[in-house]
Amino acid sequence: MKKSLSVYAFHICVCAAFILLPYVFSSTGTFLTLPDLNNGHDRTYFGIYISLLIFFYINYFLLIPRLYFHDKRFLYVVIIVLTLLFFLWVSNFLDRRFAEVFETSSVVRGREHWVPSQKFSPARLQDKPVQDEHTILIYIVGVLSSLFFSINKRLQLTEKEKLAAELSLLKAQINPHFLFNTLNSIYSLAIRKDDRTADSIVKLSELMRYIMTNAHDNLIDLRKEIEYISNYVSLQQSRLEDTVRINYTFCGNPIGKKITPLILISFIENAFKHGVNPEENSEIDILIDVEGEELKLFVYNRKVHSVHAESGIGMKNTIERLELLYPERYELSVKDLEESFSVTLTLIL
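The model shown is predicted, which means the values in this text are computed figures rather than measured ones. (Residues numbered from 1 in each chain as written. Predicted model: local features only at pLDDT ≥ 70, side-chain atom pairs only at ≥ 80, totals over all residues. Heavy atoms only, no water.)

Scanning the protein from terminus to terminus reveals nine helices and nine strands. Counting the 349 residues in the protein, one finds 37% classified as buried. Relative to all contacts within the protein whose residues are 6 or more apart in sequence, the contacts with residues 24 or more apart total 70%. Of the roughly 21600 Å² of accessible surface on the protein, a fraction of 61% belongs to carbon and sulfur atoms. (Helix = DSSP H or I, 4+ residues; strand = E, 2+ residues; numbered from the N terminus. Buried < 20%, exposed > 50% of the residue type's maximum accessible area, 1.4 Å probe, protein only. Contact = heavy atoms within 4.5 Å. Areas by Shrake-Rupley, 256 points an atom, 1.4 Å probe, with all protein chains shown as cover.)

Structure below.
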């Protein structure tokens with residue numbers, strides 16, 4: 001509601017400034033002189049400026065969306081030209097009607113007859129071309145301005161729609177990828193008839209609920225994202241037991257902060273995917289630190305022989321989402337060494 005009021009107030013101020021523009025720094029030396037409606041030129045400019053202002057909004061909200069953007073540009077140009085001719089006619093009509101170029105004089109032989117007014121002079125007619133040029137200039141500026149704003153708004157809407165489509169596609173790819181890995185974890189527990197299988201299924205249901213209710217939002221509470229990651233790490237710890245040394249640490253205060261859902265999990269997933277082998281010295285370190293509006297994620301894993309020869313699409317898609325959603329608001333450092341792999345992400349929330 002406050003945003004709408006500020007927009008309306010902005011339009012009102014701009015319109016008032018536009019109407020009063022011809023009367024700023026008048027010839028009398030004063031900063032602002034209100035229009036004198038007894039003066040023909042003042043009436044003409046005042047009426048033309050109001051008409052041009054009305055036409056600006058008609059052009060912006062009606063003509064451009066319905067004609068220009070619907071391949072009816074010839075009709076649009078015809079209307080623009082005819083409207084310009086109409087404004088020129090109105091400009092001359094208003095000035096001619098109120099300038100009192102002719103006035104009634106005495107009655108000759110019992111009847112009125114018209115004589116030229118003493119106020120009339122050829123010098124007044126010289127002002128008309130200047131007035132017409134001014135009207136044409138303001139009209140062209142108004143038409144071009146409304147076109148610029150309309151095209152710019154349309155490009156922004158197109159960009160938003162494209163971004164939403166790209167994000168929907170990336171999320172659709174990430175979610176099945178995560179579910180596949182999680183189900184493999186529970187399957188391993190079930191094969192061993194581990195007592196923690198039931199608890200793991202409950203945690204999986206919480207993860208599923210998170211994905212179903214929050215994953216498609218643009219922003220969610222950071223606290224929920226941290227709980228989601230904690231459940232995932234806990235689920236992996238239950239599956240892997242003592243075969244992998246897992247250090248998971250979270251510090252900071254997530255309350256009141258927002259983050260894009262599933263923007264961190266792929267880096268953590270990648271560590272479990274390529275850093276786990278019960279027959280080797282496997283080690284995974286995960287640190288999430290929130291300080292003010294800055295979030296730091298550090299994920300480290302020792303390289304082991306894994307059945308996954310290549311990294312999955314999850315991490316690649318997450319990097320693409322960072323580019324789309326956090327441009328110039330994140331730093332990503334990836335260290336791919338001979339014996340280890342680490343990721344450091346700094347994100348401005």
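Judged by nonpolar contacts, the single largest core of 42 residues is most densely connected at I259, I268, F272, L295 and L297. Mapped by element, the contributors of at least two residues to this core are α6 (197-214), α7 (222-240), β4 (244-252), α8 (265-274), β6 (282-291), β7 (294-302), α9 (313-325) and β9 (340-348). The biggest single contributor to this core is α7, with eight residues. Excluding its chain neighbours within four sequence positions, the residues that come into contact with L295 are L222, I259, L264, I288, D289, V290, L345, T346, L347 and L349. One finds Y68, Y76, L88 and L147 within the second-largest nonpolar core, a separate group that totals 19 residues. (Core = buried A, V, L, I, M, F, W, Y, C linked by side-chain atoms within 4.5 Å.)

So, about α7. Compared with an ideal rise of 1.5 Å per residue, which puts 19 residues at 27 Å, α7 spans 27 Å between its outermost C-alpha atoms and is within 8% of the ideal. Following α7 by one or two positions, E241 has its phi on the positive side, about 55 degrees. (Expected span 1.5 Å × (residues − 1).)

With that settled, the discussion passes to α6. The end-to-end C-alpha distance of α6 is 25 Å, a good match for the 26 Å that 18 residues give at a rise of 1.5 Å each. Restricting attention to buried positions, one finds in α6 the residues T197, S200, K203, L204, L207, Y210, I211 and N214. Projected down its long axis, α6 carries its buried residues within an arc of 140 degrees, all on one side. In this structure, α6 carries A198 and M212 as exposed residues pointing more than 90 degrees from its buried face. (Arc of directions from axis to C-beta.)

Take a nonpolar patch on the surface next. Judged by side-chain polarity, F74, L75, V77, V78, V81, L82 and L85 come together as a nonpolar surface patch covering roughly 660 Å² of accessible area. With respect to the helices and strands, the residue L75 is situated in helix α3 (residues 73-98). With a relative accessible area of 42%, L75 lands in the partly exposed category. (Patch = residues over 30% accessible without salt bridge, like charges linked within 9 Å, V, L, I, M, F, W, Y side chains within 5 Å. Salt bridge = Lys/Arg side-chain N within 4 Å of Asp/Glu carboxyl O.)

Turning next to the sheet that holds β4. Taken together, the five strands give an open sheet; going across it, the order is β4-β6-β7-β9-β8, and neighbouring strands pair in mixed fashion. The sheet is open, and its two edges are formed by β4 and β8 (330-336), each paired on a single side. Between one strand axis and the next, the sheet turns by 5 degrees as a mean value, whatever way the strands run. Pairing geometry for β8 and β9, over seven bridges, is antiparallel. Looking across to β9, one finds that Y330 is bridged to L347. Against the sheet, α7 touches β4, β6 and β7, its axis set at about 165 degrees to β4. (Pairing = 2+ DSSP bridges. Axes fitted to C-alpha atoms, helices over the stretch in contact; angles between N-to-C directions.)

Bringing the pattern of salt bridges into the picture now. Going through the model one piece at a time under the given rule, you end up with six salt bridges. A salt bridge links K203 to D199, with the shortest nitrogen-to-oxygen separation between them at 3.7 Å. Here the residue K203 and the residue D199 both occupy positions in helix α6, the gap between them amounting to four residues, near one helical turn. Measuring nitrogen to oxygen at the nearest pair gives 4.0 Å for the salt bridge that ties E294 to K296. Residue E294 is classed as partly exposed on the basis of its relative accessible area, which comes to 28%.

This brings us to the confidence of the model for the protein. Summarising the model, the protein shows a mean pLDDT of 75, and 71% of its residues fall at 70 or more. The model gives residues 97-127 a pLDDT under 50, and that stretch makes 24 contacts with residues more than four places away or in other chains. (pLDDT = per-residue confidence, 0-100.)

Once that is clear, we can look at unusual backbone geometry. Although it is not a glycine, L262 sits at a positive phi angle of roughly 60 degrees. Along the chain, the position of L262 falls in the loop between β5 (258-259) and α8. Of the residues examined, L262 reaches a relative accessible area of 1% and is grouped as buried. Of note, E328 is a non-glycine position whose phi angle comes to about 60 degrees, a positive value. Here E328 is to be found in the loop between α9 and β8. Take E328: its relative accessible area is 84%, and that puts it in the exposed class.

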